[in-house]
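Below are the chains, spelled out letter by letter.
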Amino acid sequence: MALYSLFTSRASPRRVLRRQQRGLLLPPLSPLVCVVVIVLTAVVMVVLFLLGTTKLLRYRTLIQKPIVLVREEMVGRKNHTAVLKTLPDFEAHKVRAGAAESNWKPVTPPTPSLPHLAPLPSASHQLPLQLQMMRNSSSNNIVMGPYHNWELFSADYQEMLLNLKIFVYPDVHSSSSKANRNSSSQAPNYDSVFLPLANPTNPKLGNYYSEHAFKVALLHSSLVTDRPEEANFFFMPFSINAMRNHPLLHSASSISDFIAQYTTRISFDFTFWNASDGADHFYVCCHSIGRDAASKHLALHNNAIQVTCSSSYFQRLYITHKDIGLPQVWPRRRDEDHRPFNPPAARNILVFFAGRAQNSLVRQKLLDLWSNDTSFAISSGGLSLPYEEGFKRSKYCLHVKGYEVNTARVSDAIHYGCIPVIISNYYDLPFASVLDWSKFSIIVSEKDIHVLKEILLSVSKETYLKLYKNLSMVRRHFAWHSTPRGYDAFYMTAYQLWLKRGLQRIA
């Protein structure tokens, strides 16, 4: 009634009478009508509010999605299927690719055998095991695997085999470099800096094997062209490791001087460098001295692509969006790449690590915290068990930053089937544009070493088996061959170059 009075009794009796005489006052509203009007108004306001909130949340979700997912949802629905339908069928790809690369073999995508696994929380962490679903290119089955998107990668990889062309500067073939041919016979001989090694699998190469293996594989591949006008990229074939062992170049300063002079020479002798100011040129190095290789030539540093094992996006001479991470691999016998993994049941050691603690505060901290733990087989200097046995008998193998972010322990762990535990901040991991490292390794921040055991013990048996299975799938990507094979380390590195194709020449 109070509400009814508010509508009907606010004016004075004299004013009400005057309005009635003029015909301006409507008859009084009943209480029921007032209530109905108020309820309807409230309902309309609530509906409008909910509609506005829902629309806002949709826009907010779209904004927060990664750009790749937005592209797939907004563009891929219409275009992606059409593009795939226009590709030749699998057998046609096989025939065409076989003409370009006789050793290429199609690889079956990962098989759907394990269920979806969510990340496992621990007391203070969430393990980086964000598994993604992928669609098999030959069926509608949902498959799991260590790739961001196997379907797109596989199609683009086959396109690379057919179309990627690399021109190698002739120093790599010459018995004597052009600089020496134009000088007296008494001039120093630098042939060994450019020529491929006669025995690139020499165990003495150690950590620097990948630098030489790439050159040998490139020269035995179908990607090389002797027509520079059709080349996508130009390879500068000097070797940092060979310079390091050269009596006249040994020091880091001498090496950077030599590379600056070599870059200047090819810019005068050939027109290819000047066409892009070096943006379509690349060189390969796995020696730590290679970090400063381009320090005395501005265009080489700013424009040319550095393919390097020391791929730290914290160091000043590595540019993440331009340069490429190279896997660091030790020389191995040919038959070792196909040996089966030691099964999980035979791995009775939780953690294995062997390495010098010098030049690494992180390794020193690791040893201080866990060297007395019986479930950890870690040592500095003398080994508690043979190196290979440590990888074969352990569930997890640590890759801990040394002087550089990279070591060969990552590829060693992958080779022997031991789940890599990467404790190395700022490491631009090799092939990260293709491989999802969270699906076959565990990445731990350096500041979290004190809870390392807690993190590893929180991994369930089912999740461990998933990591182990994915590790067996990526093994082939970290193996080098003198004559490259499908999806091996050479072709995976070449694919990283392929992703950077299309650089515009300025002259």
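Everything discussed here concerns the structure shown above.
This structure is a prediction, so every number in the text was calculated from the model and none was measured. Just so you know, the residues in each chain are numbered from 1, in the order the chain's sequence is written. Selection of residues for local features in this predicted model requires a pLDDT of at least 70, selection of side-chain atom pairs for listing and counting requires 80 or more, and totals for whole chains, interfaces and linings are taken over all residues. Remark: hydrogens and water are excluded; side-chain values derive from all non-hydrogen atoms of the structure.

Enquirer: Is there a simple way to think about the overall build of the protein chain in this case?
Expert: Helix and strand definitions here come from DSSP, where helices need a minimum of 4 consecutive H or I residues and strands a minimum of 2 consecutive E residues; each element is numbered from the N-terminal end. Scanning the protein chain from N- to C-terminus turns up 19 helices and twelve strands. Counting only residues that meet the buried cut, the protein chain has 47% of its 507 residues in that class. The contact criterion used throughout is that any non-hydrogen atoms of two residues lie within 4.5 Å. Of the contacts made within the protein chain by residues no fewer than 6 positions apart, 70% connect residues no fewer than 24 positions apart. The rule is simple: take the accessible area with a 1.4 Å probe, protein chains only, and divide by the maximum for that residue type; under 20% is buried, over 50% is exposed, in between is partly exposed.

Enquirer: In this structure, what is going on with the state of the cysteines? I would like to understand it.
Expert: The bond known as a disulfide is covalent and runs between the sulfur atoms of two cysteines. Defined by distance alone, a disulfide is two cysteine sulfur atoms within 2.5 Å. Taken as a whole, this structure holds two disulfides when the rule is applied. Disulfide partner of Cys286: Cys309, at an S-S distance of 1.7 Å. Across the S-S bond linking Cys286 and Cys309, the dihedral sits near -90°, which makes this disulfide left-handed. With Cys286 in the loop between β5 (281-285) and α13 (298-302) and Cys309 in the loop between β6 (305-308) and β7 (324-325), this residue pair connects regions lying 23 residues apart in the sequence.

Enquirer: What is the right way to read the sheet that holds strand β11 (residues 419-423) from this model?
Expert: Either a parallel or an antiparallel arrangement is found when strands of a sheet pair, and the pairing is made through backbone hydrogen bonds. Pairing between strands is defined by DSSP: at least two bridges between them are needed. Strand order in the open sheet formed by five strands is β9-β8-β10-β11-β12, and the pairing between neighbours is parallel. Each end of this open sheet is capped by a strand with a single partner; those strands are β9 (376-379) and β12 (442-443). The pairing of strand β10 (residues 394-400) with β11 spans five bridges and is classified as parallel. What sits directly across from Val400, in β11, is Ile423. Here an axis means a line fitted to C-alpha atoms, over the contact stretch when the element is a helix, while the angle between two N-to-C directions is reported on a 0 to 180 degree scale. Helix α14 (residues 361-370) rests against β8 (349-354), β9, β10 and β11 of the sheet, and its axis sits at about 135° to β9.

Enquirer: Got a minute to help me understand the pairing of β8 in this structure?
Expert: It is a general feature of regular strands that their side chains alternate between the two faces of the sheet. The buried count for β8 comes to six of six residues, which makes it a mostly enclosed element. With four bridges connecting them, β8 and β9 associate as parallel partners. Bridge pairing in β9 links Phe353 to Ile378. On the question of chirality, the crossover connecting β8 to the parallel β9 by way of α14 is right-handed. Seen with its strands pointing away from the viewer, a crossover is right-handed when the path leading from the first strand over the helix to the second is clockwise.

Enquirer: How should I be thinking about the nonpolar core in this particular structure?
Expert: Burial of nonpolar side chains together is a common tendency in soluble globular proteins. Counting residues in hydrophobic clusters, the biggest one holds 80 residues, and the most contacted among them are Phe282, Tyr396, Leu435 and Leu452. Among all residues touching Tyr396, those that are not within four sequence positions of it are Leu350, Val351, Phe352, Cys418, Ile419, Val421, Ile442, Leu456, Val459 and Tyr464. Val193, Phe258, Phe270 and Tyr283 belong to the second largest nonpolar core, which has 28 residues in total. The set of buried Ala, Val, Leu, Ile, Met, Phe, Trp, Tyr and Cys residues whose side-chain atoms join them within 4.5 Å is what this entry labels a nonpolar core.

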